[in-house]
Amino acid sequence: MARTALTRAEVLDTAASLVKQHGPAALTMRKLAAELGTAVTSIYWHVGNRESLLDALVERTVQDMGAIRPVGRNPADRILSVARILRRELRTRPHLIAMVHERGLTERMFLPAQQALVHEVHAAGLRGARAADAVRAIQFQIIGFVLVERNRERSPAQSPAESELWDPADAPHDPPLARALARPVDPERLFQLSVRSLVRALLTVGG
């Protein structure tokens with residue numbers, strides 16, 4: 001028996017979940033109705049047709065990406081918190097982010113993160129073109145890291161593997177380095193290291 005009570009928020013929540021798990025192609029009005037236990041006509045009444053539904057999902061994703069609240073005792077720590085939040089949001093909703101990009105709203109989606117970064121680089125004393133360069137460098141680092149991270153995750157098994165390419169015997173000048181490169185990458189540690197190092201260099205007055 002079809003449901004009689006349904007809200008637009010429930011429709012968007014369920015649609016977003018389907019897209020997150022399976023991509024936009026998996027989102028059909030029939031499948032969405034089945035997930036919600038309602039009739040297809042009820043879906044149309046709440047969100048319109050499929051294109052209207054996708055537009056609503058894109059708009060909500062843009063709004064969700066704006067909910068960035070930096071935390072930390074100083075500008076560098078707060079910038080790192082923005083970086084962590086942005087990375088997490090990009091990683092948890094790649095299909096929705098792709099939909100935003102396809103509709104030409106990527107710059108608008110990243111505006112709140114940019115504004116948060118501008119506030120922090122100003123707090124660190126940067127102004128003008130130098131502040132703009134710092135904001136963009138940090139933003140590009142975050143996005144670039146996520147792209148490399150996702151590419152590594154989706155790539156086929158490598159042969160030889162990285163662990164096989166770095167043998168301490170082949171690097172007598174620095175065996176600890178070879179052993180370290182043979183170990184699996186810790187993305188979280190590497191992300192924080194790279195962003196923190198970049199931020200430290202960018203915020204150094206007179207650098």
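Preceding block: the structure.
Residues numbered from 1 in each chain as written. Predicted model: local features only at pLDDT ≥ 70, side-chain atom pairs only at ≥ 80, totals over all residues. Heavy atoms only, no water.

### A few points about the pattern of salt bridges
Consideration 1: Enumeration over the complete set of coordinates arrives at 14 salt bridges.
Consideration 2: In this structure, E188 engages R87 in a salt bridge whose closest nitrogen and oxygen atoms are separated by 2.5 Å. With E188 in helix 11 (residues 187-203) and R87 in helix 5 (residues 75-92), this pair connects stretches of sequence that are 101 residues apart.
Consideration 3: Looking at R87, the relative accessible area reads 10%, which means it is buried.
Consideration 4: Taking the shortest distance from any N to any O, the salt bridge between E162 and R152 comes out at 3.9 Å. In this pair, E162 sits in helix 9 (residues 162-165) while R152 sits in helix 8 (residues 128-154), placing the two residues ten residues apart along the sequence.
Consideration 5: You can call R152 partly exposed: its relative accessible area is 48%. (Salt bridge = Lys/Arg side-chain N within 4 Å of Asp/Glu carboxyl O. Helix = DSSP H or I, 4+ residues; strand = E, 2+ residues; numbered from the N terminus. Buried < 20%, exposed > 50% of the residue type's maximum accessible area, 1.4 Å probe, protein only.)

### Regarding the packing of helix 8 against helix 11
Consideration 1: The N-to-C vectors of helix 8 and helix 11 enclose an angle of 165 degrees; their axes lie 10 Å apart at closest approach. Judged by the inter-axis angle, helix 8 sits roughly antiparallel to helix 11. Between helix 8 and helix 11 the crossing geometry is right-handed. Residues R130, A134, A137, I138, Q141, I142, F145 and E149 of helix 8 form the contact with helix 11, whose own contacting residues are P187, L190, F191, S194, V195, L198, V199, L202 and L203.
Consideration 2: For the contact of helix 8 with helix 11, the residue count by class is 13 nonpolar, two polar and two charged. (Axes fitted to C-alpha atoms, helices over the stretch in contact; angles between N-to-C directions. Parallel < 35°, antiparallel > 145°, perpendicular 65-115°, else oblique. Left-handed = near helix turned anticlockwise from the far one by under 90°. Contact = heavy atoms within 4.5 Å. Nonpolar A, V, L, I, M, F, W, Y, C, P; charged D, E, K, R; others polar.)

### Here we look at unusual backbone geometry
Consideration 1: Cis geometry is adopted by the peptide bond preceding P160, which originates at S159 and carries an omega value of 5 degrees.
Consideration 2: Relative to the helices and strands, P160 resides in the loop between helix 8 and helix 9.

### Considerations on the environment of L147
Consideration 1: Take L147: it is sitting in helix 8.
Consideration 2: Residues L147 and L126 lie 21 residues apart in sequence; the distance between their C-alpha atoms is 28 Å.

### Considerations on the packing of aromatic side chains
Note on aromatic pairs: each is described by the distance of the centres and the angle between the planes.
Consideration 1: Considering all chains together, one arrives at one aromatic pair under this definition.
Consideration 2: Sitting over the face of the ring of F191, R87 holds its NZ or CZ atom 5.0 Å from the ring centroid. (Phe/Tyr/Trp six-rings, centres within 6.5 Å; stacked < 30°, edge-to-face > 60°. Lys NZ or Arg CZ within 6 Å of the ring centre and 35° of its normal.)

### A closer look at helix 4 (residues 50-64)
Consideration 1: Compared with the 21 Å implied by 1.5 Å per residue over 15 residues, the 21 Å span of helix 4 between its first and last C-alpha is a close match.
Consideration 2: When we look at burial in helix 4, the residues that qualify are L53, L54, A56, L57, V58, T61 and V62.
Consideration 3: Taken together, the buried residues of helix 4 touch helix 1 (8-22), helix 2 (29-36), helix 3 (40-47), helix 6 (94-102) and helix 7 (106-123).
Consideration 4: The opening residue of helix 4, the one whose side-chain oxygen lies 3.2 Å from the backbone nitrogen of E51, is N49. (Expected span 1.5 Å × (residues − 1). Polar contact = N/O pair within 3.5 Å; in protein donor to acceptor, adjacent residues only side chain to side chain.)

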